[in-house]
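# Breakdown of the fold
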Amino acid sequence: MKIKAIISTSLAAILLASAGVVFAQFQKAEDAIKYRQSVFTVMANSFGKIGAVVKGEAPYNKDELAKNAAIVAMMSSLPWQAFGTGTEGGKAQSDIWSDQAKFKSAQDKMQLAVANLNTAAQSGDLESIKKAFGAAGQTCKGCHDDFRKK
Ligand code: HEC
């Protein structure tokens, strides 16, 4: 009798703990969707400012560009935690959850590319910034083509 009670109590604790893992950070799927979209919005804002310089539409200011590249690099690690189980929705394609290895590989490519962009930006060499920006942009596009709804 007593043992049975202990077992069912521990089972309940395990169930609670695993539910806690799924919703460690976000109470509702909408919260996770809002979080990742917000991170992408901030990241794209700084990325776009670099793009304007690269395309010659805005003047090159080393400190400003370096600051934006650092923001992109920092933000690039944040969206992924908000794609947990049960957070389908927004413009995210369901393949994210059915092909997690491919999605993860697209994240890694992007994080590496924006780290390179950050290094180039801190160095202040506009030619290498242009190259690194182009490469980083390809990694955004690659993932959007595969995993974001039009
Ligand atoms: C590994 C995949 C992946 C990479 C890499 C990626 N994105 Fe996205 N992005 C997504 C997904 C998925 C969404 C849709 C999220 C949603 O609606 O829930 C999205 C949405 C966005 C949005 C729209 C946000 C909104 O408010 O709806 C912007 C802007 C964006 N990404 C910019 C970028 C930029 C800029 C880069 C590269 C520096 C980038 N993304 C790299 C997967 C990616």
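Residues numbered from 1 in each chain as written. Predicted model: local features only at pLDDT ≥ 70, side-chain atom pairs only at ≥ 80, totals over all residues. Heavy atoms only, no water.

### With respect to the packing of helix 2 (residues 29-54) against helix 3 (residues 62-75)
Viewed as axis vectors pointing N to C, helix 2 and helix 3 meet at an angle of 145°, and their least axial separation amounts to 9 Å. The crossing of helix 2 and helix 3 is left-handed. Only Leu65, Asn68, Ala69, Ile71, Val72 and Met75 of helix 3 make contact with helix 2, whose side of the interface consists of Val39, Val42, Met43, Ser46, Phe47, Lys49, Ile50 and Val53. Residue composition of the contact of helix 2 with helix 3, by class: 11 nonpolar, 2 polar and 1 charged. (Axes fitted to C-alpha atoms, helices over the stretch in contact; angles between N-to-C directions. Helix = DSSP H or I, 4+ residues; strand = E, 2+ residues; numbered from the N terminus. Left-handed = near helix turned anticlockwise from the far one by under 90°. Contact = heavy atoms within 4.5 Å. Nonpolar A, V, L, I, M, F, W, Y, C, P; charged D, E, K, R; others polar.)

### Describing the packing of aromatic side chains
For the coordinates displayed, the defined rule picks out 9 aromatic pairs. Plain terms: the ring middles of tryptophan 80 and phenylalanine 83 are 6.1 Å apart, the flat faces sit at 20° to each other, and that makes the pair stacked. Centroid distance phenylalanine 103 to phenylalanine 147: 5.1 Å. Interplanar angle 75°. Geometry classified as edge-to-face. One end of the pair, phenylalanine 103, is in helix 5 (residues 100-123); the other, phenylalanine 147, is in helix 6 (residues 126-147), with 44 residues separating them in the sequence. Take phenylalanine 103 and phenylalanine 147: they sit in the same class, and that class is buried. (Phe/Tyr/Trp six-rings, centres within 6.5 Å; stacked < 30°, edge-to-face > 60°. Buried < 20%, exposed > 50% of the residue type's maximum accessible area, 1.4 Å probe, protein only.)

### Let's talk about helix 2
The periodicity of an α-helix, 3.6 residues per turn, causes residues three or four places apart in sequence to face the same way. Under the 1.5 Å per step criterion, the end-to-end length of helix 2 is 37 Å for 26 residues, consistent within 8% with the ideal 38 Å. Residue glycine 56 follows helix 2 closely and has a positive phi angle near 80°. (Expected span 1.5 Å × (residues − 1).)

### Considering helix 3
Taking 1.5 Å per residue, 14 residues should reach 20 Å; helix 3 reaches 20 Å between its end C-alpha atoms and fits that length. Three or more residues of helix 3 are buried, namely Leu65, Ala66, Asn68, Ala69, Val72 and Met75. On its buried face, helix 3 is in contact with helix 2, helix 5 and helix 6. The distance from a side-chain oxygen at the start of helix 3 to the backbone nitrogen of aspartate 63 is 3.1 Å, and the residue carrying that oxygen is asparagine 61. (Polar contact = N/O pair within 3.5 Å; in protein donor to acceptor, adjacent residues only side chain to side chain.)

### Some words on the site of the ligand
Taken together, 24 residues form the shell around the ligand, and within it Gln37, Lys91, Cys140, Cys143 and His144 come nearest. In the model, an oxygen atom of the ligand is placed 2.7 Å from a nitrogen or oxygen of the glutamine 37 side chain. Here threonine 41 contributes a side-chain N or O atom positioned 3.3 Å from an oxygen atom of the ligand. Of the residues forming the shell around the ligand, the biggest block, 7 residues, is contributed by helix 2. (Near = heavy atom within 4 Å.)

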